[in-house]
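Per-entry structural report
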Amino acid sequence: MKINSTFGRTAAVPALVGGLLLASACGSSSSSSSFSSPKDGVSATEITIGMSSDVTGPAASNYLPYTSGVKAYFDAVNGKGGINGRKVNVVVLDDQSQAPKGVSNYRRFVTQTPALAFTGLNSTQQSAVAAQSRANNLPFVGSIVTGADMMKPFNKNFYSLACTYPDQAEVAVAFMVEQLGLAAPRIMTSQTPVASGNEWASVVKELVQKAGGTLVANHVTEYGALNEDVFGRDVADKKPDMLIAHGATSTAQVTMKSLAKFGVKNLPIGTAAVLQDGSVPATAPGVVNSYYAFNCYTAPGAAGADGEPLIAAAKAAGLEAKVYDRPEFTQGYTIAMVMAKAIEGAGDRPTRDAVQQQLDKLNELDNGALSPAVTFSPDDHVGIAGVRPYKYNPSSGAFEPVGEFDDYAGCLTNYYVTRSLDSWNKDCIK
Amino acid sequence: MASFIQDIVSGIATGSIYGLVAIGLVLVYKSTGVFNFAHGEFVALSAFLLTSLTAALGAGWLAIVAVLVIVPILGVLVHYLIIRPMMGKPLLATVMTTIGLGLALRALILILYGPDPRQFDGPIPSNAVDIGSVRIAVSDLLTIGIAVVCLLLFGLFFTRSSLGLQMRAVANQMEASILSGVNASRIYAVAFGVGALLAAVAGVLLASTSVVSVQLSNLALIAFPAVIIGGISSVQGAIVGGILVGVLEKLAEAYASQQAAIAVVYAVLLAVLLLRPQGILGTREAMRA
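None of these values were measured; they are calculated from a predicted model.

1. Re unusual backbone geometry
All names here are of chain A. A cis amide bond links K152 with the next residue in sequence, P153, at an omega value of -5°. On the secondary structure map, P153 appears in the loop between α5 (148-151) and β5 (158-159). The backbone phi angle of E364 is positive, close to 55°, even though this residue is not glycine. As for its placement among the helices and strands, E364 is situated in the loop between α14 (352-360) and β11 (388-393). Using a relative accessible area of 53% as the deciding quantity, one classes E364 as exposed. Not every positive phi belongs to a glycine, and N414 is a case in point at roughly 50°.

So this is what it looks like as structure tokens:
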């Protein structure tokens, strides 16, 4: 009895301490303020999101709306108290579309200034970090573009939130060929010297041949070139039925000037998503007969779009319409929305692994039908499946969606999963 | 054959712009011994200023005249506020100052105008004329004409005018020139002002023929090979080097690839440095043992 009593008193102390520790631990799990994981970019009060974007380089006009979309969404989240009590700090580093800077920025967010999740980089920069991104656990949640090297072979850490270039090309070629009604169209392509440009040119070439047409020539347009006179002369000489273009706003504007110089008129142009910018056809109005961009995102202010929440967030962030009324803004906003959803789902103890688990089960996330809903699974990280044409209206200067995403679903081969264009045919539009 | 001639003509037009930028670099170097690495930013700043002034004044010609007045004044101010205090300091420090100035100007442009490229719908006609089988834009003809006029004017300036001779004297023997009564600081200011004027001319022409973006700053990087190929001390060489670079670029682009153009230009640069280090029209400096 005495022993028992002694035992009882002796045991009471660790029991009490254990109880207090348990209570403390329970307390910590219900309050975000006591959990931190610096190696994951999470402190007691703040979450770091890493972003590498072209802020001052040749593609800045395309990347600025995307960067603004990410920041505007998280500004709105922070205004409502953050995610599970933590503020979100978006750290943006300028990469000027240069591969070494992009790689350096990405590495910094992996270890030096750890981030819970990352977004950004162009396709060439993505190619440069593809191996590294497979070797660490930093969730890489999309960018304005998706490079093939990030997706092939499957990368468990990369989540694509751009319509892939094969997707864009598959709809672009089918639509443009249908519009012109030509049995054997003669097509020219243009691209900037980046990984996605090479992919664009090669996929379009294969599709044009499958459509019974000919790729007359592909021209590489350089960032910062003063003119594209050789290209302009070539188009004037070869007289293609249409141009299927890839590039950035600045390179496309220079190209339009050179096309005008060489008297090119009424050329139908279909472009990749990043050239959905009215300033391109407006550069040389007589050159363009019809101008279509192939995209999976709709600008918040487009006709029929339900973009009010985005416009409100943009205005609250002090942004001008020329920045927020662009599809890239919707894309940035959607990427932030996806990140926030995954971080929130990870609960009070967000880590990179926990965020990835949440991303892998993200299902039908809707941004107000401004794009197809976002869905990931553990073995399919193509989050956006769907592309449609957007027609430039010269009188309003705006792009108007042509049909619904579903109308073009039959054109998509899901190339990054199937690795084949065999199932594509030109009569795929509903 | 028609395409070949067309590409040569396009190369001459593009090269004339390089040449104008190169003259600005040579002029400042010839007079002050300083390679102005902020020269490209003056080109970009001029083009952006032109878009602002056109919007404010509503008249393209008036805006062009305003830019051609304002930018040289900025050049003189840069000399007095930034370069002059560096006189007597190691050359490397002065060169670094011009690099810093270039970065600051580039940042200022981005802050003031943002990253979006702009258009200038000025009074310079955008149409083209056909001469035989060759099509050439009126703006390109104007560019070539201005380059030729600049070549002649600066040739006369450096050989016939008192100010031009003083500039050459200061560049060759600064101490002796000062002892002879030449106001070196004034000469430097004029050099920076005239250099900025040439940058403004290039900026106006580029705004009319290309798009206005901060990437125009990079033009100086293309003008550097033109300066070396033509001869770093020769105004005529700057134009010849510029046109050579422009033609090589266009031919390489047409018959190889865009990327090959850069390789070809630098291969020629290397060849010139190996075979004629003073450049095509440069003069070899005599060194006393």
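2. Topic: the side chain of B:Q278
Residues and elements named next belong to chain B. Along the polypeptide, Q278 turns up in the segment after α11 (258-275). On the basis of relative accessibility, which here comes to 14%, the residue Q278 falls in the buried class. Every residue in contact with Q278, bar those within four places of it in the chain, is listed here: G231, I232, T283 and R284.

3. A few points about the pairing of strand β12 (residues 398-401) of chain A
Residues and elements named next belong to chain A. Here β11 runs beside β12; their pairing, made up of four bridges, is antiparallel. Along β12, the bridge assignment pairs N393 with A398. In this structure, the hairpin formed by β11 and β12 is closed by a connection of four residues, where G397 is found at a positive phi of approximately 75°.

4. Some details on the UniProt feature "transmembrane region" (unreviewed entry) in chain B
All names here are of chain B. What UniProt calls "transmembrane region" (unreviewed entry) maps, in this numbering, to residues 12-29, 36-55, 61-83, 90-114, 134-158, 187-207, 219-248 and 260-279. Here residues 90-114 runs as 92% helix and 0% strand, with 36 Å between its end C-alpha atoms. Structurally, residues 134-158 is divided into 84% helix and 16% strand, and its ends, taken at the C-alpha atoms, are 36 Å apart.

5. Here's the deal with the interface of chain A and chain B
Contact with chain A, which involves 31 residues of that partner, is made by 32 residues of chain B. Here chain A meets chain B over a buried area of about 2600 Å², counting both sides, of which 54% is carbon and sulfur. Broken down residue by residue, the surface that chain A buries against chain B is led by A:L226, A:K257 and A:K261, which jointly contribute 27%. Counting every contact that joins chain A to chain B gives two salt bridges. Here B:D7 ties to A:R233 by a salt bridge, and the two come within 2.5 Å at their closest N and O atoms. On inspection of chain A and its partner chain B, the count reaches 10 residue pairs in polar contact (both at pLDDT 80 or more).

6. Some remarks on the state of the cysteines
All names here are of chain A. Scanning all chains against the criterion turns up two disulfides over all chains. At a sulfur-sulfur separation of 2.5 Å, the disulfide partner of C163 is C296. Its S-S torsion of about -85° marks the bond between C163 and C296 as left-handed, since a negative value means left-handed. Of this pair, C163 sits in the loop between β5 and α6 (165-180) while C296 sits in the loop between β10 (288-295) and α11 (308-316), and the two are 133 residues apart along the sequence. C296 shares its class with C163; the two are buried.

Calculation rules
- Residues numbered from 1 in each chain as written.
- Chains lettered and ligands numbered in written order.
- Predicted model: local features only at pLDDT ≥ 70, side-chain atom pairs only at ≥ 80, totals over all residues.
- Heavy atoms only, no water.
- Helix = DSSP H or I, 4+ residues; strand = E, 2+ residues; numbered from the N terminus.
- Buried < 20%, exposed > 50% of the residue type's maximum accessible area, 1.4 Å probe, protein only.
- Contact = heavy atoms within 4.5 Å.
- Pairing = 2+ DSSP bridges.
- UniProt positions renumbered as here; feature names shortened; annotations may be inferred.
- Buried area = accessible area lost by both parts, 1.4 Å probe.
- Salt bridge = Lys/Arg side-chain N within 4 Å of Asp/Glu carboxyl O.
- Polar contact = N/O pair within 3.5 Å; in protein donor to acceptor, adjacent residues only side chain to side chain.
- Disulfide = S-S within 2.5 Å.

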